[in-house]
Amino acid sequence: MKFGPVPIDEAEGAVLAHATTAGEKRFRKAQRLSREDIAALKAAGVGEVVAAVLAEDDLGEDAAAAKIAAAMSHRNIEVKPAATGRVNLHAEASGVFTVDAGMIDAINAVDPAITIATLAQHASVEKGQMVATVKIIPFAVAASLVDTVVRICAGREIFAVNAYRPITVGVIQTVLPGVKPSVLDKTLRVTEARLARSGGRLTAERRTPHEIAPVAAAATQLARDNDMVVIFGASAMSDFADVVPAAIERAGGTVVRAGMPVDPGNLLVLGTLDGKRVVGAPGCARSPKENGFDWVLDRLIAGLEVSARDIAGMGVGGLLMEIPTRPQPREPAPQPARSALKVDIVLLAAGRSSRMGGPNKLLALFDGEPLVRRTASRALGSKAASTIVVTGHQRERVRSALSGLAVRLADNPDFADGLASSLKAGIARVAPDAAGAMIVLGDMPGVSSKDLDSLIDAFRRSGGRAVVRASHQGKRGNPVLLPRSLFAAIAQLEGDTGARHLVEAEGLDVIDVEIGQGASIDVDTREALEEAGGVLQD
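Residues numbered from 1 in each chain as written. Predicted model: local features only at pLDDT ≥ 70, side-chain atom pairs only at ≥ 80, totals over all residues. Heavy atoms only, no water.

A.B. asks: Can you explain empty space enclosed by the protein? Please cite residues and give values.
C.D. replies: In the structure shown here, the tally under the stated rule is one cavity of 30 Å³ or more. The computed volume of the largest cavity comes to approximately 40 Å³. Taken together, Thr375, Arg378, Val440, Leu441, Met444, Val447 and Leu452 form the lining of the largest cavity. Of all the elements in the fold, those that place two or more residues in the lining of the largest cavity are helix H10 (371-380) and strand S27 (436-441). For the lining of the largest cavity, a count of residues per class yields five nonpolar, one polar and one charged. (1 Å grid on protein atoms, 1.4 Å probe; cavity = no way out; pocket = protein on both sides within 12 Å on 5 of 7 lines; lining within 4 Å. Points joined across faces, edges and corners; volume = space filled by probe spheres on them. Helix = DSSP H or I, 4+ residues; strand = E, 2+ residues; numbered from the N terminus. Nonpolar A, V, L, I, M, F, W, Y, C, P; charged D, E, K, R; others polar.)

A.B. asks: Run through the sheet that holds strand S8 (residues 77-79), naming residues and quoting values.
C.D. replies: The strand order S8-S9-S13-S11 describes an open sheet built from four strands, whose pairing is antiparallel. Across the chains shown, the open sheet's two edge strands, defined by having one partner strand only, are S8 and strand S11 (114-118). Ignoring which end each strand starts from, the neighbouring axes of this sheet average 15° apart. Sheet topology note: the strand S9 (residues 86-91)/strand S13 (residues 130-136) ladder contains five bridges and is antiparallel. Along S13, the bridge assignment pairs His90 with Met130. Against the sheet, helix H2 (residues 61-71) touches S8, S9, S11 and S13, its axis set at about 135° to S13. (Pairing = 2+ DSSP bridges. Axes fitted to C-alpha atoms, helices over the stretch in contact; angles between N-to-C directions. Contact = heavy atoms within 4.5 Å.)

A.B. asks: Report on the packing of helix H3 (residues 101-108) against helix H4 (residues 143-153), specifying residues and quantitative values.
C.D. replies: Relative to each other, H3 and H4 sit at 170°, their axes nearing to 10 Å. One element, H3, and the other, H4, form an angle in the roughly antiparallel class. Residue-level inspection shows Met103, Ala106 and Ile107 of H3 in contact with H4, the latter providing Val149, Ile152 and Cys153. Across the contact of H3 with H4, the residue classes break down as six nonpolar, no polar and no charged. (Parallel < 35°, antiparallel > 145°, perpendicular 65-115°, else oblique.)

A.B. asks: Explain the packing of helix H6 (residues 212-225) against helix H7 (residues 243-250) to me, and be specific about the residues and the numbers.
C.D. replies: One can describe the packing of H6 onto H7 by two numbers: an axis separation of 8 Å at closest approach and a directional angle of 55°. When the axis of H6 is compared with that of H7, the two are oblique. Considering only the axes of H6 and H7, their crossing is right-handed. Residue-level contacts link Ile212, Ala213, Val215 and Ala216 of H6 to Val243, Ala246, Ala247 and Arg250 of H7. Here the residues of the contact of H6 with H7 sort into seven nonpolar, no polar and one charged. (Left-handed = near helix turned anticlockwise from the far one by under 90°.)

A.B. asks: So, the pairing of strand S25 (residues 386-391): which residues are in play, and what are the values?
C.D. replies: Buried residues dominate S25, accounting for six of its six residues. Where burial is concerned, the two faces of S25 agree: the one with Ser386, Ile388 and Val390 and the one with Thr387, Val389 and Thr391 are both buried. Here S25 pairs with strand S26 (residues 408-411) via four bridges, running parallel. Within S26, the residue paired with Thr391 across the bridge is Asp411. (Buried < 20%, exposed > 50% of the residue type's maximum accessible area, 1.4 Å probe, protein only.)

A.B. asks: Give a description of H4 that names residues and reports values.
C.D. replies: Along H4, the residues classified as buried are Val146, Val149 and Cys153. The arc that holds the buried residues of H4, viewed along the axis, is 60°, so those residues lie on one side. In this fold, the buried residues of H4 make contact with strand S6 (58-60), H2, H3, S11 and strand S14 (140-142). Once H4 finishes, Gly155 follows within two positions and takes phi at roughly 105°, a positive value. (Arc of directions from axis to C-beta.)

A.B. asks: Before we move on, could you go through the sheet that holds strand S2 (residues 15-16) and cite the residues and values that matter?
C.D. replies: Read from one edge to the other, the open sheet built from three strands follows the order S1-S5-S2, with strand pairing classed as antiparallel. At either end of the open sheet lies a strand with only one pairing partner, and these are strand S1 (2-7) and S2. The pairing of S1 with strand S5 (residues 48-53) spans six bridges and is antiparallel. Opposite Lys2, over in S5, you have Val53 as the bridge partner.

A.B. asks: How would you explain the side chain of Thr98 if you had to name every residue and give the values?
C.D. replies: Among the structural elements, Thr98 can be located in strand S10 (residues 95-99). According to the relative accessible area criterion, Thr98 is buried, its value standing at 14%. Not counting residues within four places of it along the chain, the set of residues in contact with Thr98 comprises Gln121, His122, Ile158, Phe159, Ala160, Asn162 and Leu304.

On their own, these measurements won't tell you what the molecule is for.
Listed below in structure tokens is the structure:
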């Protein structure tokens with residue numbers, strides 16, 4: 001291929017390097033010029049073009065990319081049509097991606113004109129996700145180079161998506177004095193969520209003392225009825241002869257590997273029992289954040305073998321994101337000054353006011369001002385860094401009532417699904433550097449800016465780690481200020497569910513702040529609204 005300026009009389013069949021205009025006609029980049037195109041360019045006074053002139057043994061970029069992609073052997077992967085010298089390959093199923101790195105390296109070493117890029121080895125992928133791309137860099141490439149790549153592709157699989165299987169899992173949780181049932185319940189929910197992404201399901205749970213014999217007995221029973229057993233120890237493994245590995249061996253199983261070079265996840269145990277896999281989960285697996293347990297679990301669910309050598313090879317890339325809530329983080333996170341901890345307010349204003357029988361309570365007038373505007377103004381007058389208003393039902397009317405206020409708007413098109421959808425929409429807009437989010441209900445006319453500040457002050461004194469609730473005469477109310485550690489769990493909520501059960505399940509410290517009657521006054525009915533001084537608007 002020859003590339004560069006080409007006299008227009010010699011440009012028939014050449015490929016344009018840049019978009020070119022001739023009068024009212026525009027020629028796109030990479031267009032192969034026909035005799036008619038040359039005539040139009042000459043008529044417009046174009047004397048030469050920058051183009052690629054293909055030799056007889058050249059393949060155009062699309063043809064070359066398509067030929068290489070067609071020569072590849074793979075599983076559960078769809079090949080898309082070639083365009084602009086590129087062929088993209090997408091997963092036909094959710095699963096774990098595997099790739100022959102040697103073949104990829106060999107292809108990329110043939111010539112810089114031919115490239116292939118893929119996801120990382122053992123990446124977890126969703127159905128439809130792109131997993132690899134073949135790209136021809138120039139407009140054409142020598143056919144002999146393409147043939148060399150085709151020969152490299154022959155004979156063995158270059159990559160695959162190993163599809164997840166819908167396996168059944170039995171869970172054992174050991175118990176020691178002081179272990180909260182809420183922690184065990186949360187562990188089940190997190191585990192069920194991990195399995196759900198691959199179609200698996202948790203079929204049974206056993207809670208036993210943290211002792212070898214009862215754990216071994218429970219493992220034997222669960223292995224008989226399930227594809228896999230996962231054991232969560234009440235105390236982390238501190239020795240290779242500790243309860244979990246010892247119980248696997250007591251039950252007649254084999255410990256494949258205890259300990260892994262992935263952090264969080266160091267204390268994982270992998271074994272077999274009656275032909276089934278048994279995984280001693282590290283403590284970090286109680287969190288939904290990615291850790292070494294995910295790496296092993298995903299591969300096993302995808303039907304891949306995981307050996308002691310495989311685990312030993314996970315160290316490169318095995319330093320994952322820290323989980324701040326675990327008891328002994330590898331390094332204390334730098335803490336901002338407590339007075340500087342940033343809090344955003346999420347004001348929920350998407351509801352349908354169904355108990356009002358028609359009118360929207362948020363548009364009711366209090367001293368001549370719509371309730372939602374009054375609430376938003378008080379939020380803006382607090383120490384919060386910003387106020388996010390979640391709208392849904394009658395969004396245009398609600399937004400009009402907020403006109404001129406320096407609030408950020410978050411639309412919730414799924415507001416009819418319940419409270420969880422509005423919580424998620426609001427939390428998704430909270431600033432990345434905010435330590436927490438205060439959930440303020442739009443229908444609480446008795447909550448002042450000063451009340452909001454009292455909650456923020458208590459949150460800052462806790463170092464940003466506690467849940468802070470408004471209360472009245474010892475009874476919990478609203479608003480509620482949630483630390484960032486709960487945001488990921490909020491993203492998993494569904495239906496008409498608030499954050500209350502998350503607060504209980506996470507075992508976080510809860511601080512109740514007395515703010516008076518305003519914490520318990522909402523205006524869900526006409527009577528309550530009128531008693532609070534509001535006037536409904538039709």
